Amino acid sequence: MPRKTRQAEYKPEHARSGVHAELPEIETWDNQYHGYEITITIPEYTCICPRTGLPDFGTITIHYLPAKSCLELKSLKTYILAFRNVGIFNENAVNRILEDVARACKPKWAVVKGEFSARGGMRTLVEARYPRSRRNSK
């Protein structure tokens, strides 16, 4: 009878992995207009699952209402591409991206969505919003 190998259990370090990883800065430029929305779709997102070490693939969409500054796209692409070597869960990545976008350009509001490729027959969609609702942040 074949011997069963037991996979490592999830550990607290898996959940924390990548949350504080050093990533390139997202640059901004001065907004000249008001009352318009920006949607950026990045279909080349990759990261590493901190538990299995396997790559995850997905599309990140950033939708925001700019205030005084807008995200500079080249630096945003460099920032997103830096995740390719980071061990981080998809849920944490979406929330980390939201926090970094909010810190960089201080939008009136922002939504970051991650649509991740199927693994084990399941697709994952993660959505995080800024400002964070007290009701949803408990």
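Report follows, based on the coordinates.

Conventions adopted
Residues numbered from 1 in each chain as written. Predicted model: local features only at pLDDT ≥ 70, side-chain atom pairs only at ≥ 80, totals over all residues. Heavy atoms only, no water. Core = buried A, V, L, I, M, F, W, Y, C linked by side-chain atoms within 4.5 Å. Buried < 20%, exposed > 50% of the residue type's maximum accessible area, 1.4 Å probe, protein only. Helix = DSSP H or I, 4+ residues; strand = E, 2+ residues; numbered from the N terminus. Contact = heavy atoms within 4.5 Å. Polar contact = N/O pair within 3.5 Å; in protein donor to acceptor, adjacent residues only side chain to side chain. Salt bridge = Lys/Arg side-chain N within 4 Å of Asp/Glu carboxyl O. Arc of directions from axis to C-beta.

Observations regarding the nonpolar core
Y45, I62, Y64, L71, L76, F83 and I97 are the most contacted members of the largest nonpolar core, which totals 29 residues. Of all the elements, helix 3 (residues 90-105) adds the most residues to this core, at six residues. Beyond its immediate stretch of four places on either side in the chain, I97 contacts Y45, I60, I62, Y79, I80, F83 and V112.

A few points about the side chain of N31
Locating N31 in the fold gives a position in the loop between strand 1 (28-30) and strand 2 (38-48). At 2.6 Å, the side chain of N31 and the backbone oxygen of Y33 are in polar contact. A polar atom in the side chain of N31 sits 2.6 Å from the side chain of Y36. Once you skip the residues sitting within four places of it in the chain, N31 turns out to touch Y36, P66, A67, K68, S69 and C70.

Describing the pattern of salt bridges
For side chains of opposite charge, pairing can occur when their charged atoms come near one another. Under the criterion given, the structure shown has seven salt bridges. The closest approach of N and O atoms between D56 and R119, which form a salt bridge, is 3.2 Å. Linking D56 in strand 3 (residues 55-65) with R119 in strand 5 (residues 109-119), this pair joins segments that are 63 residues apart in sequence. For R119, a relative accessible area of 32% corresponds to the partly exposed category.

What about the environment of N95?
Relative to the helices and strands, N95 resides in helix 3. The class for N95 is partly exposed, based on a relative accessible area of 24%. Spatially, the C-alpha atom of N95 lies 8.1 Å from that of E127, the residues being 32 residues apart in sequence. In contact with N95, other than residues within four places in its own chain, are A128 and R132.

Quick look at helix 2 (residues 73-81)
Every α-helix carries 3.6 residues per turn, so stepping three or four residues along brings you back to the same face. S75, L76, Y79 and I80 are the residues of helix 2 that are buried. For helix 2, the angular spread of the buried residues around the axis is 140°, confining them to a single face. Those residues of helix 2 that are buried are in contact with strand 2, strand 3, strand 4 (69-71) and helix 3. With a side-chain oxygen lying 3.1 Å from the backbone nitrogen of K74, the N-terminal cap of helix 2 falls on E72.

Focus: unusual backbone geometry
Cis geometry marks the peptide bond from Y130 to P131, where omega comes out at 0°. Inspection of the secondary structure assignment puts P131 in the segment after strand 6 (122-130). Positive phi outside glycine occurs at K106, with the angle close to 45°. Note that K106 resides in the loop between helix 3 and strand 5.

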